[in-house]
Structure formats: C-alpha cells, structure tokens
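Descriptive analysis of the structure
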Amino acid sequence: MIRPENEAQLAEAIRDAGGALSIRGGATRGLSPAGDVIETSGLHGVRLYEPGALTLVVGAGTPMDDIDTILGEKNQRLAFEPMDHRALLGTSGVPTIGGVAAANVSGPRRLQVGAARDHLLGVRFVTGTGEIVKNGGRVMKNVTGYDLVKVLAGSYGTLGVLSEVSLKVQAIPEAQATLVLRGQGMSDALADLMRAMSTPYDVSGAAYVSSVNGKTGAERRIRVEGMAGSVAYRAGKLADLLGADAVIEGEDSAALWQELRDVAPFAGRDGAVWKVSTRPSRAAGLSQALTKGGQPHEVIADWSGGLLWLLVPEVGDLGAAAIRAAVAQAGGHATLIRGDLARTGVTRFQSQGPIQDRLAAGLRARFDPRGILNAGLMDMTTTGPGADAARVKDPV
C-alpha cells in the first residue's frame, strides 16, 4: 500500500507505477479495483476556511467527521448532506471528502440545493501520467475554462486522484420540521410529494418509504427548514394542503433524514441493493412494472421519486437483467450498490448510451492514457446473462 503525505509524493507514486492502481480514501463504499493501493488519508487537513465567505478548502483525505466538526463550530454544514455507506454496505473505515467528491455523493437535500458537484468550487488532482492539475478556485466568484471540477465529480477516481477540494458551505438553519403521512400506495404518495414540491413553501426533503423498520406500513416524509417562524408557517400550510399524521421537529426530524440519507432501512438485511435514477413521474410505474415482472422489492423513493433505492431478494441472478431493462424502458439509470457482480452477470454501472460512453472513454484516455487508475471500475461491458441489458441505451 502506498500512502503519500503530500501532492508531490502522490504524483511521484503515480508516475512510477508499473501497473494498475486502486485509489482508496476511507474504503467505505465497497469498491475494490485491482492493483496496488494508493491510500489518500495522508492528504488531510484544512488549507483554508473562511466562515464569512462560506468557503472551505481541505485535503482530499480529510475525514468527513472532521469536516462536520469544523463546520459545526461555526454553525455551518455541507448543504448536500452526503451519505455514509458503512451501515448499508457493512464496511468499516472512515469516509473522506475526496471519496464524496469523486463519487458525487448527494443526499435528500439535492432536490433543493443541487448535487455535491454543484458545491465544488475547485479541485487539485493528479492525472494517470502523474501531472498535477488545478481547476476552479477557492471563492464562489470564479471564472474558469473547461470545468474539470464537474467532470471529476462522479468519475470515481478514473480520471485523476483528488488531492484537494474547495467547497462552498451553508449556515445551519434555525429550525426544521418534517411532516409524516402514513398509509398511501406509492403512486398516490409520490403525487403528494410532487405536489408539495410545486408549492412556494421551499421543501428541502420529499421521500417515500414502502416499509418502516422492515414492517408493513408506508410513510411519506416532507421537510422544511429555515427560521423558526417560517418553518412553523410553511409546515402548517403543507399540513393544510396534504394532511399530516405527525409533525416531527428539531433533532428528531434530523434523525429521520439521516436514516433516509444512509438508506438505513435496508442496512443489515439480506438482499441486493440497487440505486435507480429516473423521472419522479415515472418512479411508481417503474416499481409496479418490476413487481408485475416478478421482481419483489422494497423501495425508498427520495428526491420526490427521482431517486429510488430498491432492496431485491438474492434469488437466482437477482433478476439483474430484468431490472436494468425495466429501468431503461422507464427512462432511467440503475447502479448495483450492493450485490454479487459475478453472480448477477452485470456491471456495477449501467451504460449511458454509445455516445456518452465514447465521450467518457475519450476523457479517460486523455487523463489516464495508461488506464491504471481504478482500472475496470467504470467498464460497461460484460459477458454474463445481463450483458445486453447492461448496454441498453438510457433514453434520458
């Protein structure tokens, strides 16, 4: 294992590599590419923090707990509330900001504030040739050429190894409240969530859970945040519009959304877990199609239905090809987050279509011509029973 203590050592290690390199932050996401491990935990620490300017610059190996503590002391936070994968995947280790940025990990508040990539102001990274690249800046008012910040977010370390990230942060609101509504089917529930999103009441979370704690009984959750008086007014208006079985406030409300953020209802339970991106208006139909197609599942619908988490029994080949085909038909994209890749015969990531795949391959060839960074992780080809479904064009 190689553990560089600074950017220069990281660049030297990549230049001197004789084969594939597996890039590791906190090793919490269950990804194990082949090759010698480069661990980025040595690239940690705050480089710049200006609370008044709402900006933070840290080494890519900085633990998320450290960032939460630093920001919390100034009553600030990362607005996109990134997921902690450890409970769902049964992993240990320490999540790092570099891993969050590289995987573009975004939580329930994405529907209000955007994804992780939208909060990245700048990055420093090392390409597969050992070249140090800086893109973006350390302030919000920044003019750049090619926006490599957006390209690096979600590339899973296949274009370069992050050494430093610059982020915009957010003040923690004075209050929050969550309306909890129980007892509707998925179609009606998602219609309510989309209705809530269309109001002027600035909803920061809208989710549906098909079962709570593994028990029968669906639940909708709608969150509002801000000044205490405003939260009370908006929660009241939403309750008048949609009804509410309960209104949960403060830390209890925050706990509900941390549970959803980390997909805790599926943690410690048998089954494969799929992450599906689709249009909210098509989410209920997709779930129904999977059920009719013989794919029993439990579902968590976040982003008012734009993000689905599916818990599918591990039977046979998990119906992986059927899931991919149904998702593609509905206009979506499915990633196998937890499951046996060899057994399912599909790749972890789904093809986005021939044009997008060629563009992605071209970027990898430009930034990592030797193909050594997390080699094979983003490969979209397979020879197993799910091969055709894995290559279905995503119409979105």
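Placed above this text is the structure.
First, a word on scope: everything that follows refers to the structure included in this document. What you see is a predicted model, and the numbers here were worked out from it, not measured in a lab. (Residues numbered from 1 in each chain as written. Predicted model: local features only at pLDDT ≥ 70, side-chain atom pairs only at ≥ 80, totals over all residues. Heavy atoms only, no water.)

Turning our eyes to something else, we now look at the overall build of the protein chain. Summing up its helical and strand segments, the protein chain has 14 helices and 17 strands in all. A globule of 396 residues ought to have a C-alpha radius of gyration of about 21 Å, and the protein chain, at 21 Å, matches this closely. The principal-axis extent of the C-alpha atoms belonging to the protein chain is close to 65 × 55 × 35 Å. Looking at the 396 residues of the protein chain, the share that counts as buried comes to 53%. For the protein chain, contacts bridging at least 24 residues in sequence account for 73% of all contacts bridging at least 6. Surface exposure of the protein chain reaches about 16,800 Å², of which carbon and sulfur atoms provide 50%. Across the protein chain, 41 positive and 41 negative side-chain charges occur, with their mean positions spaced 5 Å apart. (Helix = DSSP H or I, 4+ residues; strand = E, 2+ residues; numbered from the N terminus. Rg over C-alpha atoms; globule rule 2.2 N^0.38 Å. Buried < 20%, exposed > 50% of the residue type's maximum accessible area, 1.4 Å probe, protein only. Contact = heavy atoms within 4.5 Å. Areas by Shrake-Rupley, 256 points an atom, 1.4 Å probe, with all protein chains shown as cover. Lys, Arg positive; Asp, Glu negative; His and termini not counted. Charge placed at Lys NZ, Arg CZ, Asp CG, Glu CD.)

Looking now at empty space enclosed by the protein. Evaluation of the coordinates by the stated rule reveals one cavity of 30 Å³ or more. The volume enclosed by the largest cavity comes to roughly 250 Å³. Residue lining of the largest cavity: 23 residues in total, with Met-83, His-85, Lys-275, Trp-309 and Ile-337 positioned closest to the centre. Contributions of two or more residues to the lining of the largest cavity are made by helix H9 (250-261), strand E16 (307-312) and strand E17 (333-338). The greatest single-element share of the lining of the largest cavity, amounting to three residues, is contributed by E17. Broken down by class, the residue content of the lining of the largest cavity amounts to 13 nonpolar, five polar and five charged. (1 Å grid on protein atoms, 1.4 Å probe; cavity = no way out; pocket = protein on both sides within 12 Å on 5 of 7 lines; lining within 4 Å. Points joined across faces, edges and corners; volume = space filled by probe spheres on them. Nonpolar A, V, L, I, M, F, W, Y, C, P; charged D, E, K, R; others polar.)

Quick look at the sheet that holds strand E6 (residues 120-126) now. The strand order E3-E4-E8-E6-E7 describes an open sheet built from five strands, whose pairing is antiparallel. A single partner strand is all that each edge strand has here, and the edge strands are strand E3 (46-50) and strand E7 (132-136). Pairwise comparison of adjacent strand axes, ignoring direction, gives a mean angle of 10° for this sheet. When E3 meets strand E4 (residues 55-59), the two strands line up antiparallel, connected through four bridges. Note on E4: the bridge partner recorded for Tyr-49 is Leu-56. (Pairing = 2+ DSSP bridges. Axes fitted to C-alpha atoms, helices over the stretch in contact; angles between N-to-C directions.)

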